[in-house]
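Here are the chains, one letter per residue:
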Amino acid sequence: LENIVERLLNGDRRALARMVTLIENEIPAARRYLAELHQYAGRAHIVGVTGAPGAGKSTLVTHLVREWRRRDAKVGVVAVDPTSPLTGGAILGDRIRMMELSGDPRVFIRSMASRGSLGGLAASTRDVVRAMDAAGYNPINIETVGTGQDEVEVMRTAHTVLVVCAPGMGDDIQAIKAGILEIADIFVVSKADKPGADQTVAELSMLLSLDPTRRQHDKSRPYWKIPVLKTSAIKDQGITQVVDAIQQHYAYLVESGMLAHRAQRQVRSEVEALVLHAVVNQLKAKTSEDDWQKLVEDITSRERDPYSVANELEEKIGLRQP
Ligand SMILES: Nc1nc2c(ncn2[C@@H]2O[C@H](COP(=O)(O)OP(=O)(O)OP(=O)(O)O)[C@@H](O)[C@H]2O)c(=O)[nH]1
Ligand SMILES: [Mg+2]
């Protein structure tokens, strides 16, 4: 770990890989290194790619990376693996497909597992992105399957969120209605070489036009109209348009002041989460499993109430005067 920060800043890929492992395994020293790296981060455009399992996210990311390389960028990719047996096989497939990119010294790819992350998936993803950012990768792509609270949280750490929908997946649209819609900045209808792509584009456009908050806007101020774009990986179509849209969205974020606004919001929630994490750890350290069980039983049997128990625990960790 000698000079890991310095080596990482000088573009040493092994130092970066090591740092990611430290973050994933929650090695306490990681926090100290990340603190040093913070001042060098903040330059990267963070692009989230989400969508249902099998929608074509990894294939799209692979093509986007190629296009960015043509534009001479140094690109980072974080694939967040949901540790589900359902997608286990697909992840292996991704790795093989993305492998062709990983031979390129200006592409850095890492998979992250969601298991065992005390600070939460979003926190460790943010830390990995911070390390890549400090190492000069820009843009940085994050891929997740768009289901579950954790993953929506991960997407909130991105500046620009792409939602990928394959044609003929009516369920996708349902999922989008349920939650992803509000975080989408760009829709991508993948597999446009398959039948039904135009219908999916029409359905999504319809959905967007129905959302009143997106129709009313002050024309004198910068405004982002969510595009619905079609891509085909097989025919290598639509990729440059997606990269253009991503860059236009970034320009919009800068012009409108949204980038600064989001960054501030992020910082607040990050610091709050760090403090909360520390408090929860203290609580765990000072309360044995047996103690917990006893407290839980006392509360469920109505012998005690949750408020007085909380007061007592707060005293125990010094948050409250006896
Ligand atoms: N016909 C066609 N097939 C595609 C296209 N893009 C991806 N696929 C296929 O769709 C399947 C899923 O693609 P992935 O890129 O792995 O999808 P994903 O969304 O990353 O999947 P998970 O990570 O498992 O959720 C693969 O068999 C791809 O070959 C495309 O543009 N056209
Ligand atoms: Mg994938």
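Our subject is the structure that appears above.
Values in this document were obtained by computation on a predicted structure and should not be read as measured data.

Criteria and cut-off values
- Residues numbered from 1 in each chain as written.
- Chains lettered and ligands numbered in written order.
- Predicted model: local features only at pLDDT ≥ 70, side-chain atom pairs only at ≥ 80, totals over all residues.
- Heavy atoms only, no water.
- Helix = DSSP H or I, 4+ residues; strand = E, 2+ residues; numbered from the N terminus.
- Buried < 20%, exposed > 50% of the residue type's maximum accessible area, 1.4 Å probe, protein only.
- Areas by Shrake-Rupley, 256 points an atom, 1.4 Å probe, with all protein chains shown as cover.
- Phe/Tyr/Trp six-rings, centres within 6.5 Å; stacked < 30°, edge-to-face > 60°.
- Salt bridge = Lys/Arg side-chain N within 4 Å of Asp/Glu carboxyl O.
- Axes fitted to C-alpha atoms, helices over the stretch in contact; angles between N-to-C directions.
- Parallel < 35°, antiparallel > 145°, perpendicular 65-115°, else oblique.
- Left-handed = near helix turned anticlockwise from the far one by under 90°.
- Contact = heavy atoms within 4.5 Å.
- Nonpolar A, V, L, I, M, F, W, Y, C, P; charged D, E, K, R; others polar.
- Expected span 1.5 Å × (residues − 1).
- Core = buried A, V, L, I, M, F, W, Y, C linked by side-chain atoms within 4.5 Å.
- Polar contact = N/O pair within 3.5 Å; in protein donor to acceptor, adjacent residues only side chain to side chain.

Peer 1: Residues and numbers for the overall build of the protein chain, please.
Peer 2: Looking only at helices and strands, one finds 14 helices and 7 strands in the protein chain. Here the protein chain, with 322 residues, has 45% of them falling under the buried criterion. Of the roughly 17,300 Å² of accessible surface on the protein chain, a fraction of 53% belongs to carbon and sulfur atoms.

Peer 1: Give a description of the packing of aromatic side chains that names residues and reports values.
Peer 2: Considering all chains together, one arrives at 2 aromatic pairs under this definition. An angle of 50 degrees between the planes, with centres 5.8 Å apart, marks the rings of Phe108 and Tyr137 as tilted. Of this pair, Phe108 sits in strand β3 (residues 107-113) while Tyr137 sits in the loop between α6 (121-134) and β4 (140-145), and the two are 29 residues apart along the sequence.

Peer 1: For the pattern of salt bridges, give the residues involved together with the corresponding values.
Peer 2: Tallying each qualifying case throughout the model produces 14 salt bridges. The residue Glu67 makes a salt bridge to Arg70 at a minimum N-O spacing of 2.6 Å. You can see Glu67 and its partner Arg70 sitting in helix α4 (residues 57-70), 3 residues apart, about one turn around the helix. Overall, Arg70 belongs to the exposed group, its relative accessible area being 57%. A network of salt bridges, in which partner residues are shared, links Glu67, Arg70, Arg71 and Asp244.

Peer 1: Describe the packing of α6 against helix α7 (residues 149-156), and please don't skip the residues or the numbers.
Peer 2: Describing two packed helices takes the angle between their axes plus the distance from one axis to the other. Interhelical geometry of α6 versus α7 gives an angle of 30 degrees and a closest axis separation of 8 Å. One finds that α6 runs roughly parallel with respect to α7. You can see that α6 and α7 cross each other, and the crossing is right-handed. Residues Leu121, Ala122 and Thr125 of α6 pack against Asp150, Glu153 and Val154 of α7. For the contact of α6 with α7, a count of residues per class yields 3 nonpolar, 1 polar and 2 charged.

Peer 1: Give a detailed account of helix α13 (residues 289-300), specifying residues and quantitative values.
Peer 2: Because an α-helix packs 3.6 residues into every turn, residues spaced three or four apart end up facing the same way. In this model α13 runs 16 Å from its N-terminal to its C-terminal C-alpha over 12 residues, within 8% of the 16 Å that 1.5 Å per residue would give. Looking one or two residues beyond α13, the residue adopting positive phi is Arg302, at roughly 70 degrees.

Peer 1: Got a sec to walk through the pairing of β4? Specific residues and values, please.
Peer 2: Within β4, 6 of the 6 residues are buried, leaving the element largely enclosed by the surrounding structure. Residues Ile140, Ile142 and Thr144 line one face of β4 and the alternating positions Asn141, Glu143 and Val145 line the opposite face, and both faces are buried.

Peer 1: Describe the nonpolar core, with residues and values.
Peer 2: The biggest cluster of nonpolar side chains holds 77 residues, and the ones touching the most others in it are Leu8, Leu16, Met19, Leu64, Leu162 and Phe187. Beyond its immediate chain neighbours, meaning those up to four positions away, Leu16 contacts Leu8, Phe108, Ala131, Met132, Ala135 and Tyr137. Core analysis: the second largest hydrophobic core is formed by 5 residues, Leu283, Leu295, Val309 and Leu313 among them.

Peer 1: For the environment of Val65, give the residues involved together with the corresponding values.
Peer 2: Checked against the element boundaries, Val65 lands in helix α4. Looking at Val65, the relative accessible area reads 0%, which means it is buried. Separated by 42 residues in the primary sequence, Val65 and Val107 place their C-alpha atoms 8.0 Å from one another.

Peer 1: Break down the environment of Ser232 for me, with residues and values.
Peer 2: Relative to the assigned elements, Ser232 resides in the loop between β7 (228-230) and α11 (239-256). It is 9.9 Å that separates the C-alpha atoms of Ser232 and His63, two residues lying 169 residues apart in sequence. Beyond its immediate chain neighbours, meaning those up to four positions away, Ser232 contacts Ala192, Asp193 and Gln237. A polar atom in the side chain of Ser232 sits 3.5 Å from the backbone nitrogen of Ile234. Among the polar contacts listed, one links the side chain of Ser232 to the backbone nitrogen of Lys235, at a separation of 3.0 Å.

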